[in-house]
Amino acid sequence: MRSSRWVMRWVTPPGFTGERQTGPSILPINSMQVQWDWLYLGVLLIISVTAEIHDEEIQDEDVEVEDFDKNSQETDIDKGSSSLEVMYKTPEPTGEVYFTETFDDGVLTGWILSKTKKEDTDENIAKYDGRWEVEELKENTVPGDRGLVLKSIARHHAVSAMLTKPFIFDTKPLIVQYEVNFQDGIDCGGAYVKLLSSSDDLDLEYFFDKTPYTIMFGPDKCGEDYKLHFIFRHKNPKSGDYEEKHAKRPDVDLKKFYSDKRTHLYTLVLKPDDTFEMLIDQSVVSKGNLLEDMVPPVNPPKEIEDPNDKKPDDWDERAKIPDPNAVKPDDWDEDEPSKIEDRDAVKPEGWLDDELQYIPDPNAEKPEDWDEEMDGEWEAPQIPNPKCETAPGCGEWVRPMMTNPNYKGKWKPPMIDNPNYQGIWSPQKIPNPDYFEDLHPFEMTAVSAIGLELWSMTPDIYFDNFIICSEKEVADRWAADGWGLKKLVASANEPGMFSQLVTAAEDRPWLWVLYILTLALPVGLGVLFCWPTKKIEEDIDYKKMDVSKPVTKGELEQERGEIDDEAELEEEEKENEDIAVEERRQIEEMKKEMIKEKKKKGRKEPPSEGEDKNDEENEAAEGSQEEGDKSNKSGSEDEMKEADESTGSGDGPMKSIRKRRVRKD
């Protein structure tokens, strides 16, 4: 068995250096990651398509040819050529066989053409006059290997041969195996074989469709009905009559075996335990039991319906009946029509009441050979009135019909359960007078000949390498020496990937959609990568975000220095704010002390005009100071120095307050 292994490897995007990137550059990396995700998705999609075709090839070649005999073939593969050169040797059986045929000698040795006619058929096609030839395959030819080819179209073909010795159904399995190739496909026709029943009056020159057979096996097709037959004729032990028993249809799709123009191996294995298997190319397509999976069954039923039993006249099979107590409502009017005129309809404007919808053709002329005595009075043919084309309508206007809201139809009583219901009548069962039980249908009529009795509408059906034996190993070895070589040659000559994709799409049209998506995806990815993208508002604040660059040592030191300078400035500003707050607190305390001293002095001596004036100035300065605090909580460095000087000068604190007021104004 062949196997496939897929290995996935991470691919580093172009321009990726491995450096850590911070800040706003995260956005471009995410954008690039999305693009690479689309690329990986496209690669996986292409791989899935290729894998599906590969898996179908593996399914078609599900079983490899086993252990080729070194003496039966010598394979030489030329490395400089795509074809497979083989040395073919005619297969030889390796065990007990009942019949073998390879046709490699080029003549139908031991095969007899039928000379009779098909019954109940037109005399012109009743004869078995279809032509047979022994020749090589048209394609994937194996030099020296020949087969039997059905050549005629729409003709009956019949050819047969005696077995080496009859096969008797006792304790050994029966294995029937042969190859078929529909070289030109198949429209309607079969490629099945018949194992003819042993009898004293068997004459192969008179082999035709009514010749008794024991087993029929092989492919058959007509229209879109693809079949794989397995039919055996079972003898009724009581009456002695034979009846055909058909195996159930396989559950697999057989179409490809009829249309791929390759040689396929058909095998039937029938075992003494009454089981069977049908194989194509050494893969089981159907299996079952002769007692359970044949139609009609081998054994009849023990009981049957009494043919003389009749249903009683008073037998009531009605599950529902009309309610006998139901009464029609008084307001139920059965005379109301289902359709009435629409009274709200209005004739469209421009309706031509006086114009006919059809008028005689004014350009028509009476034929010269018109005989009024024989043909009657000639009348011009009617044509649509051209005046009606632009108008809403012509002729007498009639109100449109509408659904009658009062319509109820004919009244019917509702249905109720039938109290006298007795069920569906069926005849009583009686013992089957023809009953028998055959516990071993494998014990069929012995076979002594093999035959092909076919009709086909397609020529060049190829048959080869027939074998009838009892050992599966013998059949497998025979297949390896014949069909195995054909399979190898066909595999070596398989078309390229493109042809396989087209062939696969012919059977499954939905694959075309997958192909188109697979081809369109790389184009879309190319546009996605190469087409210039528009800058959005967020990208204006960043520069060159699409490519990550390594940061040098000098740039890091410079950036660190700038950060340190900013920190120092923030600390200085904070210190200045603290100093200003402390100064304002000291000034307010000094003002309070001065006010207290003034009050003490005022008690001792009356205030002068100058002092009153100073008090007013103090109050004004205090008000301006409060306004300054609200408008600006921190002062400049120059103001702080002046405040310090004013506190140390002989003019006193009020002078510094006035200076600060003037500066702030």
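All of the points below concern the structure found in this document.

## Comments concerning the state of the cysteines
With the rule as written, the count across this model stands at 2 disulfides. One disulfide bridge connects C388 with C394, the sulfur atoms lying 1.8 Å from each other. Linking C388 and C394, the disulfide has an S-S dihedral of approximately -125° and is accordingly described as left-handed. In this pair, the class of C388 matches that of C394, namely buried. Once the bonded cysteines of the chain are numbered in order along the sequence, the disulfide links fall as 1-2, 3-4.

## What to know about the packing of helix 4 (residues 472-481) against helix 5 (residues 483-492)
Closest axis-to-axis distance for the helix 4/helix 5 pair is 3 Å, and the angle between their directions is 40°. With respect to each other, helix 4 and helix 5 are oriented oblique. For the pair helix 4 and helix 5, contact is made by A479, A480 and D481 and by W483, G484 and L485, respectively. For the contact of helix 4 with helix 5, the class distribution of residues is 4 nonpolar, 1 polar and 1 charged.

## Examining a negative patch on the surface
Taken together, the side chains of E568, E570, E571, E572, E573, E575, E577 and D578 define an acidic patch exposed on the protein surface. Position of E573 among the secondary structure elements: in helix 9 (residues 553-604). With relative accessibility at 52%, the residue E573 sits in the exposed group.

## Observations regarding helix 7 (residues 511-530)
Counted at 1.5 Å a residue, the expected span for helix 7 with its 20 residues is 28 Å, and the 29 Å between its end C-alpha atoms agrees. Within the sequence span of helix 7, burial applies to L511, L514, Y515, T518, L521 and L525.

## Re the pattern of salt bridges
A full pass over the atoms with the stated rule returns 31 salt bridges. Close ionic contact of E179 with K486 constitutes a salt bridge, the shortest N to O distance being 3.0 Å. Remark: K486 occurs in helix 5 and E179 occurs in strand 8 (residues 174-182); sequence separation between them is 307 residues. On the basis of relative accessible area, K486 is assigned to the buried category, the value being 4%. In this structure, K472 engages D476 in a salt bridge whose closest nitrogen and oxygen atoms are separated by 2.8 Å. With K472 and D476 both in helix 4, this residue pair falls 4 residues apart, about one helical turn. Among the ionic contacts, a cluster of salt bridges with common partners joins E135, K138, K151, D184 and D460.

## Re the side chain of T211
Examined against the element boundaries, T211 turns out to sit in the loop between strand 10 (193-197) and strand 11 (213-222). By relative accessible area, T211 is classed as buried at 8%. Beyond its immediate sequence surroundings of up to four residues, T211 is in contact with L196, L202 and Y206.

## Concerning the pairing of strand 14 (residues 264-270)
Within strand 14, 7 of the 7 residues are buried, which leaves it mostly tucked inside the rest of the structure. A two-sided burial pattern is seen for strand 14, the buried positions comprising H264, Y266, L268 and L270 on one face and L265, T267 and V269 on the other. In terms of strand pairing, strand 8 meets strand 14 through 7 bridges, oriented antiparallel. By the bridge assignment for strand 14, L174 is matched with L270. When strand 14 meets strand 15 (residues 275-280), the two strands line up antiparallel, connected through 5 bridges. Paired with T267 across the two strands is L279, which belongs to strand 15. Between the antiparallel neighbours strand 14 and strand 15 lie 4 residues, among them D274 with a positive phi of about 70°.

## Quick notes on unusual backbone geometry
Between V295 and the following residue, P296, the backbone shows a cis peptide bond with an omega angle of -10°. With respect to the helices and strands, the residue P296 is situated in the loop between strand 17 (294-295) and strand 18 (303-305). With phi around 60°, D460 is a residue other than glycine that occupies positive phi space. Topologically, D460 is positioned in the loop between strand 26 (447-456) and strand 27 (461-469). Given the relative accessible area of 8%, D460 is considered buried. Located in the positive-phi region is N465, a residue other than glycine, with phi close to 50°. Its location among the elements puts N465 in strand 27. Here N465 falls in the buried class, since its relative accessible area comes to 1%.

## Focus: the environment of E453
Within the secondary structure, E453 sits in strand 26. The buried category is assigned to E453, whose relative accessible area is 6%. In this structure E453 touches K118, Y128, H157, A158, Y192, K194, F207, F208 and D209, once residues within four positions along its chain are discounted. For E453, the side chain forms a polar contact with the side chain of Y128, separated by 3.1 Å.

## Describing empty space enclosed by the protein
Scanning the model with the defined rule gives 4 cavities of 30 Å³ or more in all. The computed volume of the largest cavity comes to approximately 60 Å³. The wall of the largest cavity is formed by L137, E139, N140, N181, K261, R262, T263, K486, K487 and A490. Grouping the amino acids of the lining of the largest cavity by side-chain chemistry returns 2 nonpolar, 3 polar and 5 charged.

Calculation criteria
Residues numbered from 1 in each chain as written. Predicted model: local features only at pLDDT ≥ 70, side-chain atom pairs only at ≥ 80, totals over all residues. Heavy atoms only, no water. Disulfide = S-S within 2.5 Å. Buried < 20%, exposed > 50% of the residue type's maximum accessible area, 1.4 Å probe, protein only. Axes fitted to C-alpha atoms, helices over the stretch in contact; angles between N-to-C directions. Helix = DSSP H or I, 4+ residues; strand = E, 2+ residues; numbered from the N terminus. Parallel < 35°, antiparallel > 145°, perpendicular 65-115°, else oblique. Contact = heavy atoms within 4.5 Å. Nonpolar A, V, L, I, M, F, W, Y, C, P; charged D, E, K, R; others polar. Patch = residues over 30% accessible without salt bridge, like charges linked within 9 Å, V, L, I, M, F, W, Y side chains within 5 Å. Areas by Shrake-Rupley, 256 points an atom, 1.4 Å probe, with all protein chains shown as cover. Salt bridge = Lys/Arg side-chain N within 4 Å of Asp/Glu carboxyl O. Lys, Arg positive; Asp, Glu negative; His and termini not counted. Charge placed at Lys NZ, Arg CZ, Asp CG, Glu CD. Expected span 1.5 Å × (residues − 1). Pairing = 2+ DSSP bridges. Polar contact = N/O pair within 3.5 Å; in protein donor to acceptor, adjacent residues only side chain to side chain. 1 Å grid on protein atoms, 1.4 Å probe; cavity = no way out; pocket = protein on both sides within 12 Å on 5 of 7 lines; lining within 4 Å. Points joined across faces, edges and corners; volume = space filled by probe spheres on them.

Shape is all these values report; function is a separate question.
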